[in-house]
Structure formats: structure tokens, C-alpha cells
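Here's the letter readout for the chains.
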Amino acid sequence: MAEALLELEGLRVEFRGPRGISRVLDGVSLRVAAGERVAVVGETGCGKSLTVLAILGLLPQGARFRGRLRLLGREVPAAEWGRSKRPLPGVAMVFQQPMSSLNPVFTVGDQLRAVARTLPHLRALPAPRLRARLLEVLSAVQLADGDRILRSYPFQLSGGMRQRILIALALLKEPKLLIADEPGTALDVTLQAEILGLLDHLVRTQQLALLHITHNLGVARATTDRVYVMYAGSVVEEAAAEQLFSSPLHPYTAGLMRSVPRLDGSGFGEGIDGTLPSYLEVDLGCRFRQRCTFRDSRCEEKPELSSPSPERRVACHHWELVRAAAALEERV
Amino acid sequence: MSSPSDLVLSAEGLQQSFAVARSVAGRTKGWLRVLRGVSLELARGEIFGLAGESGSGKSTLGRILAGIDRPLGGRLLLGGRDVFGDRLENSLLFKRTVQMVFQDPSSSLNPRRTTGQTLEVPLQVLRLARGQRSARVAELLDLVELDPRYALQYPSTLSGGQKQRVALARALALNPQVLILDEPTSALDVSVQAKIIKLLLRLRSQLGLSYVLISHDLSLMRNVADRTSVMYLGRIVEAGPTPRIFQGPQHPYTQMLLAAVPTLTPDEEALKPAKVQPVGEIPSPSRIPSGCSFHPRCPFAMPVCSDQAPPAVPKGEGQFAECHLGVPAGRA
Amino acid sequence: MTAVPTPRGARRTGEHPGWYRFRKNRPALIGLGLVLLIGLATLLAPWIAPYPHQIGPFVNFSAANQPPSWAHLMGTDTAGRDVLTRVLFGYRTSFLLMLVVLGIGVPLGVLLGLAAGYFGGWTEAILMRLTDVFLALPPLAVVLAVTSALAPSLGTAMLALAALWWTWYARLVHGLVRSIKKEDFILAARRSGASTGHILFREILPNIISTIAVKITLDAGFVILLGAGLSFLGLGARPPTPDLGTMVADGANYLPEMWWEAIFPGFAILVLILGFNLLGDGLRDYFDVEVL
Ligand SMILES: Nc1ncnc2c1ncn2[C@@H]1O[C@H](COP(=O)(O)OP(=O)(O)OP(=O)(O)O)[C@@H](O)[C@H]1O
Ligand SMILES: Nc1ncnc2c1ncn2[C@@H]1O[C@H](COP(=O)(O)OP(=O)(O)O)[C@@H](O)[C@H]1O
Ligand SMILES: [Mg+2]
Ligand SMILES: [Mg+2]
């Protein structure tokens, strides 16, 4: 495997509340190699955003966290991530609410310059050189006519252009890793395809790694090399994208994939019964077992991540059964 | 196609525009032409799919079909009567025939009212006695597969899927024949979506309902709609039986939408038209391009396309497309 | 109200964390304590006041102007009346004023605000123009004009304040209703056949009641202060009605020697207003609402 750019190990995040402690993240580990495209998928509330927020130092007030983070082989002290409020060098976030993430009363140029002034490597740049740099990032996100764009106000631009500007903002930080956390509501497929195409282009041309947070399995498959599947605060499965989608090993992944309607009209499954368990309850068993059709007595014990094959991990006592069942289904 | 007695609801040449008030004095600066002559026929027991990018006018059309907004032009016909012409849209008769389910179940349920209280509103209109009302509330909850104890719960204690079930139960309370479903699952996780869609399909056969299903998820449309219409800038640019639309899309816009669908397997990938890449974005309805409104984004645009609006060309078996290309370049 | 029984389960689980959140807000708790304490003392004044018979026309010049002592914790005034007793009964006037002003102003303002916000059009234009006019007038000036034009009395002052006060609520409710009426749940209720009355009072009102409650609490102190101010100027309560504002005004003539005659009533006003404001701020944080 290529050199690790970012390694997160055993991230735990909990909140103290009136009804007790909610232990949300229960030891999340993930790894992004240089230039690699990684997706994190899972349903609403499973902790995808919290994971990213911890890496960015933006955990909400009142969150307590534990775990280790290594960036480019260097151990990052706990004071520099989690709740540090300071961005990690080399990591930038792409915001995906093009309407609300830009200030309507300033021009795009003003907003790009305002961000540039907060960055050590751009702060001292004389105006003409800074301008050249701004035009450069605009062309990197494939916005032609950079001069006009710099003078435009956000409302004069289309949704797709605004989204590109948000990516340009992230690129100003000259990151090695771009993190994109998809908003809850789905984007238009056409716009989505366009932005995914752009992100892909950036990964190839700018030697970036991409950590993509999404609900959409199809999006994860289209744009990534490796996928982490999260459920109720833990990573339950990790695999190369093609492998994962051709043979899911965790019952949750399999259930998710069966729920997705297929473009060939072959229908879709029954979905997954039940809802995420409460994070308030301390649970020593597998967190998915209440919703799982493979459940038995072994599931009262929490399954560790095991490696059915190199490069692949799954946290389920019954992954062999899941694989066999899927193969059987295939044949029928 | 369908005999007149099979028609439950039909629309002829619906037009809708909104004034753009920009100046401080609130004077009209122009018009958004959101619907530009939309006609459709909904047969009994049918699922009529409506797809298109956001901003194409799907929700505006849905609100008119549900009697919420008056169109500026055209007619809505119910049982041979002109709904808006005869001012039936707020009559009990119309409300007992057509009901709407909204996209976001969190905002379509009053946070200060329990499920039971919400479901009682339509029952009061029917002048049911108290005991009958409680019985009917339980019956409605049962219909959407919720336990009767949910009658006492507030929306904040329900999951997204449960909320959408309650919204569905409310829409069913008056025993309508038609449901307008505006993106009923796009705020939900895919595993929950599968369950809600299965429920909708079951209710259709159990209660003999007809649906207008608005969704931008083409894979979903492929699997549930009997007929699919594709909207672009306020017109239905292609419509027909679902399998035909997906296997032989005739309009370049339909092909573009299909090409952008994220998929899970290589088999599905092969079904996507390869020659049409998603480009550009839907223009604002305040500046509708001349001629064929799709021509600025169309890879096959010809000189005539910017001059003349194309006629609806029948393609057989009830399929038609509004495109100057008699036979547009097909799939790869 | 409806056939569905009270949602007990939901309440029970909802209540505990709510109280917990409120309880953690120390100032709000102090405010609640002050208001409850003063309210209770006021209710029980006839029984707990040391000299309840001194209310009304009573003079005892032999005991006049005595400094605080065990017999008279707050001393006596120029007419020889126990200041503590008069403070306790003075609170009654304050509460009465507040209840009347808000009791008339709030329902009126809420009703008009609901109507203006929900119906829009002419109803809205006329009602909101009217509130603009009222809000443009300085309240104290209006009340001064009204009370001095009519006979200055507690009743006139209360009516004048109430006539002003509804405008704040009309404006607040109008804004809230305008944003809430666009919510899908209002539309859905309408399409279910709900009547306008049902929408206004069962769907909209429960969603804004917490904001109104916060505003009422914050306003209570202000109304009391204005009432006391009017009495101080001789335009509110007339002697011998015990009134904190009047007491401060009268006592002020004997400052600084007989300080207790003005300071204790003044302090009493201050404590009550403080209580209401702390409580109001706490409720505002608790409900997480914005109030003008
Ligand atoms: N500030 C907070 N206090 C308490 N609990 C929180 C807080 N923030 C998040 N949580 C809990 O953490 C869980 C995970 O949240 P997170 O935002 O990471 O979900 P997600 O996977 O990103 O979901 P989505 O797909 O909807 O964005 C939530 O279910 C919530 O219960
Ligand atoms: N009440 C309204 N006032 C002004 N513009 C509106 C209104 N409703 C919809 N529009 C505009 O009409 C267009 C179509 O909107 P909509 O029907 O919601 O599209 P869709 O549901 O296909 O995304 C959009 O440009 C939208 O901004
Ligand atoms: Mg998230
Ligand atoms: Mg819509």
C-alpha cells in the first residue's frame, strides 16, 4: 500500500447529556494513502460527520474524544485536532452547501482573498501575485473567465459555479487531502456527476487524496478506490470499491445494497428493519444485531474487525455466511 | 391509451408563472415561467412518474395537481369537471379525492401535535364521533404499519421513516383516490426508502390508489413508475411507458439524465447512454432559451433548435419526445 | 380537548431533560425563586404583613419616621405606617397593574398579530400600519398625555398602558406567524380540511406560545417599572392605595435622613424586576427563541 497520508486510530467521541453519556464513535479507524480516493458511507446519524469534524478540529462543544491521529507519519498531539479549532496543515474541507457557504454581499474575489489572508503561505503575497494565484485555482476547478468570476457576487453565479468556488477555496490551502462531506439532501444527479468528475480530475492533476462522505452507494462506487462502511459509530466493513460492491461481507452493507433500486429495473429489496440503536445504551454486543437476519448468540459479543483477505476488513461473526447467502442469491 | 372511465385526474396545458419582484418598491421586474403548457392523464391504479432536475417545475406542477395553487392557465379535470374553473380546489369533494405527501416529513408534521392529534384533523372534517375517531386513528396507523402507541408520540420522537408514515396516514385519512407524492423519500436513508416505497406499492393495490410520483431518482422511477415523464424548464419533454423511456430514451435530455445516474454494478453501467455527458445546468426560468429550451446544453443542437420549439413527436406505444432530431443518436 | 388522551409517555420522557436544562441555568433559577417568593408574599400579605390594619386611611403621627427596628423591620413613614406592610401591599398594586396591562394587551396583540400574519393582504396592511403608528409614539409621553387628559388614576394608567402594549405583541406574533404559515404542516392541515380557527389556535399558536411567554416575562418587569414611574409622577395610583412608586416619591422628600422611606420601596421594585428579567432571560435560553 502507498504511503499513509492520514491515519486515524481508535477514535472515540462521547457527549455528556441530561440523560447520560452518549458514546457515539466507538473506536473508528481509517487510513487514507497519498493520492487515494476513499469514501465513508452509512446512514444518517452513524457518525460520519463527527469523524470528519474530529480530524478537522471542529468537534462540537461538549464533545470528549480519544484516539490517535497521524498525518504524513507524524503523530498529531491531541491539542492540535479534535476540538482545537485550528485547521490541520494539508487538510481542507469542501463545503457542499453552495447557497449558504458563500457570503452574498461580497464578491467572489473578496471572499477568496479573505481566506488567502488567513493562510501563512499566501498572507505576504503582493496583490498581483495573489491575483495570479486566485486565477490559477479558479482554472483548476475549470472555471473559465476567472476575471469576471472574481468580480461577481455569488447570486450572479449558478449553483454549479458556486460549488466550484467552494472547491477553489479549499484548494487555496494547498491541501494534500480534500474532505468532502455531502449534505443530507441529495444534489441533482447532473450537478453531482459534474462535481464528482471535477473532484476526480483534481485528484489526478493536483496529487490530492480525497475523503468523500456520502449516503449514496453509487456515488461511493463511482469515485473511490476504497470504501469504509459505518454503522452506529463504528466501521463495520472496509474494502476496495469494486470488491465491496460485488461481494459485501457485512449484513448491513448487504442490506444497504439490496435497498438500492437498480437502473435495470430488477427491483429492490425490503430495506432494513428497525432504526439505529440509541447511543445512550452501553452495549457489549454487535450494534447491528437487533436489525440483523443472521443474528445468533455469538452476536451478544462485539465482533472485532477481522481480515477475510488482505486489504479487506469486516466486523461480523457471520461474514462467511453472508458471503455464501449472497452467492446463493446470485445463482437463483 | 386508457378509456375515459379509467381517468382519475387529467391536466390540460397548465401554465404557471411567478413574478420576480426585485426593486425596493416591489415592482415586477420580470416573470419566472415555471410551467409552460403541461398536460397529463392519470389512469386509475397507475403510478405516473415525474422526473427532472431541480427547478424544472415538478413541485409547482404537483401543487397544482393537489389543488394547492391555482395555475395561471390551463385546466385540471376531475371526473369531467374543471377543478379551478368551478372553484372546487378547496371543496371537500376534491380533498377527498386528491391528497399530497410532502418531501420533508420533518416540516410536514406539526412539532407541537402528537401523531394522534395530527391524524384527527381530517377525521373531524368527516364528523366522526370521538370513539370512531380514535378507532380510525388506530386503523390508519395500522395501514402504514405503525404500532397504535405511536398515536401518543410527538414528531421529535419519531425517526424520519416513521414521520413519513404518519404523513402518509394523514393523507389517507380522507380515503382519497389520488396521492401526489413530491419526492416522498429523498429526505430518507436508502434502507428506509425501500421500506416506504414497498409500503406505497402495497397501499396502491390494497386501496386502489393512483400516484403521481415526483422524484429525481431515475433508478427508483425505473422500478416503480408505470409511465415516466421527464420535465425540463416547465415542459414535459419526453414521456412514455417506463421501460421504453429507459431502454430507448429519445430526448437528449433524458439521455443526459440517465448518463448521470450513479450505479452499483457494471451491468447497470452498461445501460447508460454513453454518448451524452452531463454538461451545464438548468437555466433560470426567467431566461428561457429560445426555440428548444434545451438547445444550449444539447450535444446534438442544430441551427433550427434555437429558432423553433420542437413539436411532440410520437415514438410509438404512447412514447413521445419534443425534439427536432427525428431519431436522435441512440445509445452506445 | 381531543379524543386522544394526554401523551403521558412523551411528556414524562420529555420533562426530565427539560427541567435539567433549566435547572442548570443558575440565574434563571434565582429569577424564578424571586418571582415565586414575592408572588407568594403578595398573595399572603393580609396574613403575613405585620400591621395589615395600617392599609387604608390610617395615621399615627406618634410613630412617624421611625428607623428600622425589630418592631418595624423597614421603619415607618411620615404617617407612622409600617413600611414593610406597605411594601407587601404595594406589590399587590404592582402585580395588579401588570396583570391588567398584560391581560388586556397580550391577548389583544396576539389575536391581531395572528390575524395580520395569517390573512395577509388588507388585514395585514391596516393592522401593521396601525402598530407602526403606535410604536412610533414614545410610551411614557402617551401615557402622560392620556392620564393627564383624563383623571389621573390607577385605572386610567392601566388602560393607557394596555392600549399601547398590544402593539408589541401584534408585531412579534405577526412576524412569527408569517414564517410559520409557510411551513408544510400548515398546508397539510389545510388540505386535510382544517378550519381557519383550528389552524390559528391549534396549529400555529402552540408553536409560538413559548416565544410569547418569554416576552411576557421580560415585559412584566418593564410594566411594573413604568407603573411605578407613573405613580412617582403622581399619574398612577392615588393615595391611600399602597403603591411602591408613590412610596418612593413620598420618601424621596425626606432623603437622606429618613432613607428607609424611599430606599426600601425602591429596592422592592428593583428586586421584582430583576426576578422577572432573570427568569425571562432563562426562559429565552431555554426555549432558544428570539424576542425583540
Ligand atoms: N453536539 C452533539 N451532542 C450530542 N450528540 C451529538 C452531537 N453531534 C452529533 N451527535 C450524535 O452523533 C451522531 C452522529 O452524528 P453525525 O453528524 O456524525 O452523523 P452523520 O453520519 O454525519 O449523519 P448524516 O448522514 O445525517 O450527515 C448523531 O446521531 C447524534 O446523535
Ligand atoms: N412560490 C414561488 N415563487 C417564486 N418562484 C417560485 C415559486 N415556486 C417555485 N418557484 C420557482 O419555480 C421554479 C421551479 O420550481 P419547482 O417547481 O420547485 O421545481 P422542482 O420541484 O422541479 O425542483 C424554480 O426556479 C423556483 O425557484
Ligand atoms: Mg453528516
Ligand atoms: Mg421540488
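Residues numbered from 1 in each chain as written. Chains lettered and ligands numbered in written order. Predicted model: local features only at pLDDT ≥ 70, side-chain atom pairs only at ≥ 80, totals over all residues. Heavy atoms only, no water.

1. Considering helix 7 (residues 189–205) of chain A
Next up, step 1: Over its 17 residues, helix 7 of chain A runs 24 Å from end to end, which matches the ideal 24 Å to within 8%, given 1.5 Å per residue.
Next up, step 2: Just downstream of helix 7 of chain A lies Gln 207 of chain A, where phi reads positive at about 50 degrees. (Helix = DSSP H or I, 4+ residues; strand = E, 2+ residues; numbered from the N terminus. Expected span 1.5 Å × (residues − 1).)

2. A short note on a negative patch on the surface
Next up, step 1: A contiguous patch of negative charge, built from Asp 264, Glu 329 and Glu 330 of chain A together with Asp 267 of chain B, is present on the exposed surface.
Next up, step 2: With respect to the secondary-structure elements, Glu 329 of chain A resides in helix 11 (residues 319–331). (Patch = residues over 30% accessible without salt bridge, like charges linked within 9 Å, V, L, I, M, F, W, Y side chains within 5 Å. Areas by Shrake-Rupley, 256 points an atom, 1.4 Å probe, with all protein chains shown as cover. Salt bridge = Lys/Arg side-chain N within 4 Å of Asp/Glu carboxyl O. Lys, Arg positive; Asp, Glu negative; His and termini not counted. Charge placed at Lys NZ, Arg CZ, Asp CG, Glu CD.)

3. Comments concerning the site of ligand 1
Residue and element names in this part refer to chain A.
Next up, step 1: The local shell around ligand 1 consists of Phe 15, Val 24, Thr 44, Gly 45, Cys 46, Gly 47, Lys 48, Ser 49, Leu 50, Pro 60, His 215 and Tyr 279.
Next up, step 2: The backbone of Gly 45 places a nitrogen or oxygen atom 2.9 Å from an oxygen atom of ligand 1.
Next up, step 3: Between an oxygen atom of ligand 1 and a main-chain N or O atom of Cys 46, the distance comes to 3.3 Å.
Next up, step 4: Within the complex, 64% of the 640 Å² of free accessible area of ligand 1 lies under protein. (Near = heavy atom within 4 Å. Polar contact = N/O pair within 3.5 Å; in protein donor to acceptor, adjacent residues only side chain to side chain.)

4. Describing the nonpolar core
Residue and element names in this part refer to chain C.
Next up, step 1: Membership of the largest hydrophobic core comes to 69 residues, with the highest contact counts inside it found for Leu 114, Ile 204 and Ile 208.
Next up, step 2: Mapped by element, the contributors of at least two residues to this core are helix 2 (26–43), helix 4 (83–119), helix 6 (139–149), helix 7 (154–180), helix 8 (184–191), helix 9 (196–232), helix 10 (244–252) and helix 11 (260–287).
Next up, step 3: Counting residues per element, this core draws most heavily on helix 4, which supplies 15 residues. (Core = buried A, V, L, I, M, F, W, Y, C linked by side-chain atoms within 4.5 Å. Buried < 20%, exposed > 50% of the residue type's maximum accessible area, 1.4 Å probe, protein only.)

5. Overview of the interface of chain B and chain C
Next up, step 1: Between chain B and chain C, the contact holds 33 residues from the first and 25 residues from the second.
Next up, step 2: Along the contact surface separating chain B from chain C lie one salt bridge.
Next up, step 3: In this structure, Arg 113 of chain B and Glu 203 of chain C form a salt bridge, with 3.3 Å as the shortest nitrogen-oxygen distance.
Next up, step 4: Taken together, the connections running from chain B to chain C amount to 12 residue pairs in polar contact (both at pLDDT 80 or more).
Next up, step 5: Listed by contribution, the elements that provide at least two residues to the side of chain B that touches chain C are helix 2 (92–95), helix 3 (105–108), helix 4 (115–125) and helix 5 (130–143) of chain B.
Next up, step 6: At seven residues, the largest contribution of residues to the side of chain B that touches chain C is made by helix 4 of chain B.
Next up, step 7: For the side of chain B that touches chain C, the residue count by class is 13 nonpolar, 11 polar and nine charged. (Contact = heavy atoms within 4.5 Å. Nonpolar A, V, L, I, M, F, W, Y, C, P; charged D, E, K, R; others polar.)

6. Let's talk about the pairing of strand 3 (residues 47–51) of chain B
Residues and elements named next belong to chain B.
Next up, step 1: The buried fraction of strand 3 is high, at five of five residues.
Next up, step 2: Alternating positions in strand 3 separate into two faces, Ile 47, Gly 49 and Ala 51 on one and Phe 48 and Leu 50 on the other, with burial throughout.
Next up, step 3: In this structure, strand 3 lies alongside strand 8 (residues 210–214), joined through four bridges in parallel fashion. Bridge assignment links Gly 49 to a residue of strand 8, and that residue is Leu 213.
Next up, step 4: Relative to strand 9 (residues 227–232), strand 3 runs parallel, the two sharing four bridges. The residue bridging Gly 49 from the neighbouring strand is Thr 228, located in strand 9. (Pairing = 2+ DSSP bridges.)

7. Brief notes about the sheet that holds strand 2 (residues 20–33) of chain A
Residue and element names in this part refer to chain A.
Next up, step 1: Strand order in this open sheet of four strands is 2-1-4-5, and the pairing throughout is antiparallel. Two strands in the sheet have a free side with no partner beyond their single neighbour: strand 2 and strand 5 (74–76). Averaged over all neighbouring strand pairs, the angle between strand axes comes to 10 degrees, with direction disregarded.
Next up, step 2: In this structure, strand 1 (residues 4–17) lies alongside strand 4 (residues 63–71), joined through eight bridges in antiparallel fashion. Bridge pairing in strand 4 places Glu 7 opposite Arg 70.
Next up, step 3: On the sheet, helix 1 (residues 48–56) packs against strand 1 and strand 2 and is oriented at approximately 110 degrees with respect to strand 1. (Axes fitted to C-alpha atoms, helices over the stretch in contact; angles between N-to-C directions.)

8. Considering the site of ligand 2
All names here are of chain B.
Next up, step 1: Near ligand 2, the surroundings consist of Phe 18, Leu 32, Val 34, Glu 53, Ser 54, Gly 55, Ser 56, Gly 57, Lys 58, Ser 59, Thr 60 and Pro 285.
Next up, step 2: In the environment of ligand 2, an oxygen atom lies 2.7 Å from a nitrogen or oxygen atom belonging to the side chain of Ser 59.
Next up, step 3: Contact between ligand 2 and Thr 60: an oxygen atom at 2.5 Å from a side-chain N or O atom of the residue.
Next up, step 4: For ligand 2, whose unbound accessible area comes to 560 Å², protein coverage reaches 62%.
Next up, step 5: The dominant element in the shell around ligand 2, judged by the number of residues it contributes, is helix 1 (residues 58–65), at three residues.
Next up, step 6: In terms of residue class, the shell around ligand 2 is built from four nonpolar, six polar and two charged.

Taken by themselves, the reported measurements are silent on function.
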